[in-house]
Amino acid sequence: MEYRTGLGYDIHRLEEGLQLVLGGVHIPHTKGCVAHSDGDALIHALCDAMLGALALGDIGQHFPDNSDEFKGIDSKILLARVNGMIKAKGWHLVNADVMLLLQKPKIASYVPQMRAALAEVLGVEIDRVSVKATTNEGLGPIGHEEGVAAYATVLLAD
Ligand code: MG
């Protein structure tokens, strides 16, 4: 058996009056992500980690942000397509670990729902998908509630 690891990162600006969707879950909040898609930075980081593990480029190459096809798209659809790409090449996800950086709101109570949503899309057991979150201690643009960022790592096996 061979293994591959991948790393992903994403950041989106937050603005008043937009929907906030993270890890495939709608989170009630006054601000949401500015994006061509639904702005799910957590899923975008995860997609990039999976693509990176197989050197398949990045999410922007596969799902261009100037394409009408992806306007307002549910990022779970993008994740399903990335998962399909790695499966088509004979690989599968061993585990994923995602770190979300967000000042407000507290998302701890949504984490179980996010893990369940991601695991369902990926077709794996929930204990293979970790979602963690931290504030930015009020520092920088994330700390000032101007944006939300996420890092992801994955392990794939063939
Ligand atoms: Mg993004």
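Residues numbered from 1 in each chain as written. Predicted model: local features only at pLDDT ≥ 70, side-chain atom pairs only at ≥ 80, totals over all residues. Heavy atoms only, no water.

**Regarding the sheet that holds strand 1 (residues 3-16)**
Here we have five strands laid out as an open sheet, ordered 4-1-7-5-6, and mixed in their pairing. Pairing within the sheet leaves two strands with one partner each, and these edge strands are strand 4 (31-33) and strand 6 (129-134). Ignoring which end each strand starts from, the neighbouring axes of this sheet average 20° apart. Of the pairings in the sheet, the one linking strand 1 to strand 7 (residues 147-157) comprises 11 bridges and is antiparallel in character. Residue pairing in the sheet places Gly 6 in a bridge with Val 154 of strand 7. In the packing of helix 1 (residues 41-53) onto the sheet, contacts are made with strand 1, strand 5 (92-101), strand 6 and strand 7, and the angle to strand 1 comes to roughly 155°. (Pairing = 2+ DSSP bridges. Helix = DSSP H or I, 4+ residues; strand = E, 2+ residues; numbered from the N terminus. Axes fitted to C-alpha atoms, helices over the stretch in contact; angles between N-to-C directions. Contact = heavy atoms within 4.5 Å.)

**Concerning the side chain of His 12**
Along the polypeptide, His 12 turns up in strand 1. A residue is classified by how much of its surface remains accessible, and His 12, at 13% relative accessible area, is buried. Engagement of the side chain of His 12 in a polar contact is seen with the side chain of Asp 10, the distance being 3.0 Å. When near neighbours in sequence (up to four residues on either side) are disregarded, His 12 contacts Cys 33, Val 34, Ala 35, Gly 39, Ala 41, His 44, Glu 146, Gly 147 and Val 148. (Buried < 20%, exposed > 50% of the residue type's maximum accessible area, 1.4 Å probe, protein only. Polar contact = N/O pair within 3.5 Å; in protein donor to acceptor, adjacent residues only side chain to side chain.)

**Some words on the coordination of the magnesium ion**
For a metal with four tetrahedral donors the ideal donor-metal-donor angle is 109.5 degrees, whereas six octahedral donors ideally subtend 90 or 180 degrees. Every protein donor of the magnesium ion is accounted for by Asp 10 (OD), His 12 (NE2) and His 44 (ND1), and the metal-donor separations fall at 2.1 to 2.2 Å. Sequence spacing of the donors to the magnesium ion: D-x1-H-x31-H. The two residues Asp 10 and His 12 agree in class, both being buried. (Donors = N, O, S within 2.8 Å, 3.2 Å for Na, K, Ca; no water.)

**Things to note about the pairing of strand 5**
Taken together, the nine bridges between strand 5 and strand 7 define a ladder with antiparallel strand orientation. In the sheet register, Leu 100 faces strand 7, and the bridge partner there is Ala 150.

That is the geometry; function is a separate question.
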